[in-house]
Amino acid sequence: MFTNLEHLGLAVNDLEAATTLYTTLLGMEPYKRETVESEGVDTVFFKVGGSKIELLGGTTPESAITKFVAKKGEGIHHVAFEVSDIRAEMQRLREAGFTLLNEQPKRGADNKLVCFVHPKSAHGVLVELCQEITSSDLEVD
Ligand SMILES: CC[C@@H](C(=O)O)C(=O)SCCNC(=O)CCNC(=O)[C@H](O)C(C)(C)COP(=O)(O)OP(=O)(O)OC[C@H]1O[C@@H](n2cnc3c(N)ncnc32)[C@H](O)[C@@H]1OP(=O)(O)O
Ligand SMILES: [Co+2]
């Protein structure tokens, strides 16, 4: 089940400048910064009500964020939903014909397992599914 709009991922060119600006815009400090090497990103998180803003800066030329900013410019990169059972939702979406970008859930930022749905199968929007990591997920890559 989809339970919440977990975060909006914003791709930015200069993460420090964007963090300063969003701190002013939202009137709050970020609650977390995290590097996710497997995705080639640095992240900065703000909590807004029951949801979050995830600022993303690319750290490698191969990073999805580096490529996105070079091709499309800065802006909304993905929409992330909290789900109660990520494996069940991945199976449901596969059966419904969506193209998933990972076969198994993988580790994202902020203690989540994540999976991405290709923007070509979601009307041009990159969709991320997120589920909180629990002790039973510790063996996941
Ligand atoms: C921090 C961890 C995690 C979290 O916990 O929250 C994250 O959020 S990590 C975020 C970064 N990681 C990812 O985005 C992983 C999933 N993305 C991908 O696998 C790729 O980016 C992609 C979506 C498969 C695209 O890669 P690729 O095919 O190599 O790039 P192209 O530039 O050739 O794009 C092909 C096609 O798709 C369009 N596109 C690309 N990105 C997006 C996007 N974010 N939203 C909408 N459309 C997108 C791109 O414009 C191309 O379209 P055409 O030109 O029409 O072919
Ligand atoms: Co994200």
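Everything that follows concerns the structure shown earlier in this document.
Residues numbered from 1 in each chain as written. Chains lettered and ligands numbered in written order. Predicted model: local features only at pLDDT ≥ 70, side-chain atom pairs only at ≥ 80, totals over all residues. Heavy atoms only, no water.

**Overview of the site of ligand 1**
To keep it simple, the criterion reads: Proximity is defined per residue: if any heavy atom of the residue lies within 4 Å of a molecule or strand, that residue is considered near it. Pairs of N or O atoms are called polar contacts if they sit within 3.5 Å, as long as, within protein, a hydrogen donor faces a hydrogen acceptor (for residues adjacent in sequence, only side-chain-to-side-chain pairs). With residues, only the protein chains shown are counted as cover, and all accessible areas are computed by Shrake-Rupley using a 1.4 Å probe. The secondary structure listing takes helices from DSSP runs of H or I that are at least 4 residues long and strands from runs of E that are at least 2 residues long, numbered from the N terminus. Polar here means any residue other than Ala, Val, Leu, Ile, Met, Phe, Trp, Tyr, Cys and Pro, which are nonpolar, and Asp, Glu, Lys and Arg, which are charged; Gly is therefore polar.
Taken together, 24 residues surround ligand 1, and among them E39, E54, A109, K120 and E128 come closest. One of the side-chain N or O atoms of K67 is found 3.1 Å from an oxygen atom in ligand 1. H78 is positioned such that a nitrogen or oxygen atom in its side chain is 3.0 Å from an oxygen atom of ligand 1. Taken by itself ligand 1 offers 1,100 Å² of open surface, and the protein chains cover 75% of this. Put simply, the parts of the chain that give the shell around ligand 1 at least two residues each are β3 (41-48), α2 (64-72), β5 (75-83) and β7 (112-117). Considering every element that reaches the shell around ligand 1, the biggest residue donor is α2, with five residues. Its residues placed into classes, the shell around ligand 1 shows ten nonpolar, seven polar and seven charged.

**Quick look at the packing of aromatic side chains**
Which entries qualify depends on this criterion: Classification of ring pairs uses Phe, Tyr and Trp, with its six-membered ring standing for Trp, and accepts pairs whose centres are within 6.5 Å; under 30 degrees between planes counts as stacked, over 60 as edge-to-face, and the remaining range as tilted. Accessibility here uses a 1.4 Å probe with only protein chains present; expressed as a share of the type maximum, an area under 20% marks a residue as buried, one over 50% as exposed, and anything in between as partly exposed. For a lysine, the NZ atom is tested; for an arginine, the CZ atom; a charge sits over a ring if that atom is within 6 Å of the ring centre and within 35 degrees of the ring normal.
Going through the model one piece at a time under the given rule, you end up with two aromatic pairs. Aromatic side chains F2 and F81 sit 5.3 Å apart centroid to centroid with 50 degrees between the ring planes, which places their arrangement in the tilted category. Placement of the pair is F2 in strand β1 (residues 2-12) and F81 in strand β5, with a sequence separation of 79 residues. Among the residues examined, F2 registers a relative accessible area of 33% and is labelled partly exposed. The aromatic ring of Y31 is capped on one face by K47, whose charged end is 3.9 Å from the ring centroid.

**Quick word on the side chain of E128**
Selection rule: Note on charges: Lys and Arg go in the positive column, Asp and Glu in the negative column, and His and the chain ends are not counted at all. Salt bridge, as used here: a side-chain nitrogen of Lys or Arg that lies within 4 Å of a carboxyl oxygen of Asp or Glu. Note on definitions: a residue-residue contact is assigned when non-hydrogen atoms from the two residues lie within 4.5 Å.
For E128, the position within the fold is in strand β8 (residues 127-132). The buried charged residue E128 lacks any salt bridge partner; its closest oppositely charged side chain belongs to K106, at an N-O distance of 8.8 Å. A polar side-chain atom of E128 sits 3.1 Å from a polar atom in the side chain of H7. Beyond its immediate stretch of four places on either side in the chain, E128 contacts H7, E54, H78, V79, A80, F81, V114, C115 and F116.

**Thoughts on the sheet that holds strand β2 (residues 32-36)**
As a reminder, the rule being used: Strands were regarded as paired on the criterion that DSSP finds at least two bridges between them. Between the N-to-C directions of two axes lies an angle of 0 to 180 degrees, each axis being a line fitted to C-alpha atoms and, for a helix, fitted only over the stretch in contact.
If you trace the eight strands from one edge of the open sheet to the other, you get β2-β3-β4-β1-β5-β8-β7-β6, paired in mixed fashion. Each edge of the open sheet carries a strand with a single partner, namely β2 and β6 (106-107). Strand direction decides the pairing type here: β2 and β3, joined by five bridges, are antiparallel. Its bridge partner lying in β3, V36 is registered against V41. On top of the sheet, helix α1 (residues 15-26) reaches β1, β2, β3 and β4 (51-58); it is set at about 0 degrees to β3, its chief contact.

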